Amino acid sequence: MPLTLNQFLFLILTIAAVVAVTAFISFLLQLKRTAREGEKTLIEVQTLSKNLNEVSQKVNEKIEDLGDVVDATKKITAGLSEATWLLVTKVIRPGSKFLPFLYPIIRLGWRQFKKK
């Protein structure tokens, strides 16, 4: 029983339609799997984002504390600077004119101390 041209074309179109529908269903199943993985990834990204926000808040708090430490350090440095200036201008500079006389005496005393 030979096939007519119309029957042959209908058979080819039917096979092509079955292949197209099979490919489309396979595509939809893959799309569904991809969407499911995308949802899982989105949930994970949201949790990581929350953790990042918490870490950012902690870092900001530490930076604010560090600002207080820097201010205290500035005050201490200014105080030490003033104390050093006072020591140099009131004690060391006036006493430095006696240093050529005091240095040999101190050295002699040190030698005597080491001998004992």
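These figures come from a predicted structure and were not determined experimentally.

Rules used in this analysis
Residues numbered from 1 in each chain as written. Predicted model: local features only at pLDDT ≥ 70, side-chain atom pairs only at ≥ 80, totals over all residues. Heavy atoms only, no water. Helix = DSSP H or I, 4+ residues; strand = E, 2+ residues; numbered from the N terminus. Rg over C-alpha atoms; globule rule 2.2 N^0.38 Å. Buried < 20%, exposed > 50% of the residue type's maximum accessible area, 1.4 Å probe, protein only. Areas by Shrake-Rupley, 256 points an atom, 1.4 Å probe, with all protein chains shown as cover. Lys, Arg positive; Asp, Glu negative; His and termini not counted. Charge placed at Lys NZ, Arg CZ, Asp CG, Glu CD. Expected span 1.5 Å × (residues − 1). Bend = angle between axes of the 7 residues up to and from the residue. Patch = residues over 30% accessible without salt bridge, like charges linked within 9 Å, V, L, I, M, F, W, Y side chains within 5 Å. Salt bridge = Lys/Arg side-chain N within 4 Å of Asp/Glu carboxyl O.

A.B. asks: It is not clear to me how the overall build of the chain should be interpreted in this structure. Could you clarify?
C.D. replies: Helix and strand counts for the chain come out as two helices and zero strands. A compact globule built from 116 residues would reach a C-alpha radius of gyration of about 13 Å, whereas the chain, at 45 Å, exceeds it by more than 25%. Principal-axis analysis of the C-alpha atoms gives the chain an extent of 135 × 35 × 25 Å. Of all 116 residues assigned to the chain, the portion counted as buried reaches 0%. Accessible surface computed for the chain: about 11200 Å², of which carbon and sulfur atoms make up 69%. Computing the positive centroid from 17 side-chain charges and the negative centroid from 10, the chain places the two 21 Å apart.

A.B. asks: Help me understand helix 1 (residues 5-95) in this model?
C.D. replies: An α-helical turn contains 3.6 residues, so a residue and the one three or four places further along point in the same direction. Along its 91 residues, helix 1 runs 124 Å from first to last C-alpha, staying within 8% of the 135 Å computed at 1.5 Å per residue. Along its length, helix 1 shows its largest kink, about 40°, at Val-88.

A.B. asks: What is the right way to read a nonpolar patch on the surface from this model?
C.D. replies: Judged by side-chain polarity, Leu-3, Leu-5, Phe-8, Leu-9, Leu-11, Ile-12, Ile-15 and Val-19 come together as a nonpolar surface patch covering roughly 770 Å² of accessible area. If you trace the backbone, Ile-12 turns up in helix 1.

A.B. asks: Mind showing me how you'd approach the pattern of salt bridges here?
C.D. replies: Opposite charge on two side chains permits pairing when their charged atoms draw close. Under the definition given, this model contains one salt bridge. Across the salt bridge formed by Lys-40 and Glu-37, the nearest N and O atoms sit 3.9 Å from each other. Remark: Glu-37 and Lys-40 occur in helix 1; sequence separation between them is three residues, near one turn of the helix.

A.B. asks: Quick question: what am I supposed to make of a positive patch on the surface here?
C.D. replies: A surface patch of positive charge is lined by Arg-107, Arg-111, Lys-114 and Lys-115. Position of Lys-115 among the secondary structure elements: in helix 2 (residues 99-115). A relative accessible area of 67% places Lys-115 in the exposed class.

A.B. asks: Any chance you could explain a negative patch on the surface here in plain terms?
C.D. replies: Together, Glu-61, Glu-64, Asp-65, Asp-68 and Asp-71 make up a negatively charged patch on the protein surface. Here Asp-65 shows up in helix 1.

A.B. asks: What is the right way to look at the environment of Val-70 in this model?
C.D. replies: Its place among the elements puts Val-70 in helix 1. Residues Val-70 and Gln-112 lie 42 residues apart in sequence; the distance between their C-alpha atoms is 48 Å.

A.B. asks: Any chance you could explain the environment of Gln-112 here in plain terms?
C.D. replies: Position of Gln-112 among the secondary structure elements: in helix 2. Using a relative accessible area of 40% as the deciding quantity, one classes Gln-112 as partly exposed. Sequence separation of Gln-112 and Val-69 is 43 residues, and the distance between their C-alpha atoms is 48 Å.

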